[in-house]
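Examining the three-dimensional arrangement
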Amino acid sequence: MDTSAEKEEGRLAEDLAKLKWLSEHREEYEKKLLENIKARLPELEKLLADVEDHWGMEDGIYRFYHSSFKLYLLQGLTEEICKALQSLLPDRPMNIRFREIVAEGTGKDFETSDERDWLRETRAILEAFFHAHYFLKMTCKYGRELQASPNPLPSGWALVLYLFDLR
């Protein structure tokens, strides 16, 4: 059984490996990410428009307050956004916090018992959707605005870099 000291040592070794990777590859991957965003910008912006239209975000959030099972349809949009974002750097895992939020807010099936504790049963769906939507929005914004990764970084671009642990 690992002691707490051994676990801490393992975490430190993992952190050092990440830092080493970043020092060797960050610039290359930031450039690659921005190039991929620009190449796919029309597709990403269409997805953003679809997500933000009446039958996407508008209706989905209304369904939360209406206590309608149709809220569960937002999970499909969340998954579609995640798939599009992951395809920008398919060889980089997405940020662990983001993956946890998405995992907790997707893969749910409506059950009538959910209505008894609607907030507890459904808020994770909204949270995952909001995070995915915001990452998509920032990806599109900075794909339009940037020619290279600037210094200092705007917060929204830094967020997009965090999506792939490039910060």
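Refer to the preceding data block for the structure.
What this report covers is the structure whose coordinates are included nearby. Predicted model only: the values in this text are computed from it and were never measured.

Quick notes on the packing of aromatic side chains
For the coordinates displayed, the defined rule picks out four aromatic pairs. Where Phe64 meets Tyr65, the ring centres are 4.8 Å apart and the plane angle is 90 degrees; that geometry is what we call edge-to-face. Given a relative accessible area of 7%, Phe64 falls into the buried group. The exposure class assigned to Tyr65 is exposed, which follows from its relative accessible area of 67%.

Observations regarding the environment of Pro150
Take Pro150: it is sitting in the loop between α5 (118-145) and α6 (155-163). With 126 residues separating them in the primary sequence, Pro150 and Glu24 have C-alpha atoms 19 Å apart.

Points about the packing of helix α2 (residues 54-65) against α5
Between α2 and α5, the least distance of the axes is 10 Å, while the angle of their chain directions is 160 degrees. If you check the angle between α2 and α5, you find them roughly antiparallel. The handedness of the crossing between α2 and α5 comes out as left-handed. Contacts from Met57, Ile61, Arg63 and Phe64 in α2 reach Trp118, Leu119, Thr122, Arg123, Leu126, Phe129, Phe130 and His133 in α5.

Points about unusual backbone geometry
With an omega of 5 degrees, the peptide bond between Asn151 and Pro152 qualifies as cis. One can find Pro152 in the loop between α5 and α6. Even without a glycine there, the phi angle at Ser67 is positive, about 55 degrees. Looking at the secondary structure, you find Ser67 in the loop between α2 and α3 (74-86). Phi at Asp165 takes a positive value of approximately 50 degrees, unusual for a residue other than glycine.

Things to note about the packing of α5 against α6
Interhelical geometry of α5 versus α6 gives an angle of 120 degrees and a closest axis separation of 9 Å. For the element pair α5 / α6, the angle class is oblique. By crossing handedness, the relation of α5 to α6 is classed as left-handed. Contacts between α5 and α6 involve Tyr134, Phe135, Met138, Thr139 and Tyr142 from the former and Gly156, Trp157, Leu159, Val160 and Leu163 from the latter. Tallied by class, residues from the contact of α5 with α6 come to eight nonpolar, two polar and no charged.

Rules used throughout
- Residues numbered from 1 in each chain as written.
- Predicted model: local features only at pLDDT ≥ 70, side-chain atom pairs only at ≥ 80, totals over all residues.
- Heavy atoms only, no water.
- Phe/Tyr/Trp six-rings, centres within 6.5 Å; stacked < 30°, edge-to-face > 60°.
- Buried < 20%, exposed > 50% of the residue type's maximum accessible area, 1.4 Å probe, protein only.
- Helix = DSSP H or I, 4+ residues; strand = E, 2+ residues; numbered from the N terminus.
- Axes fitted to C-alpha atoms, helices over the stretch in contact; angles between N-to-C directions.
- Parallel < 35°, antiparallel > 145°, perpendicular 65-115°, else oblique.
- Left-handed = near helix turned anticlockwise from the far one by under 90°.
- Contact = heavy atoms within 4.5 Å.
- Nonpolar A, V, L, I, M, F, W, Y, C, P; charged D, E, K, R; others polar.

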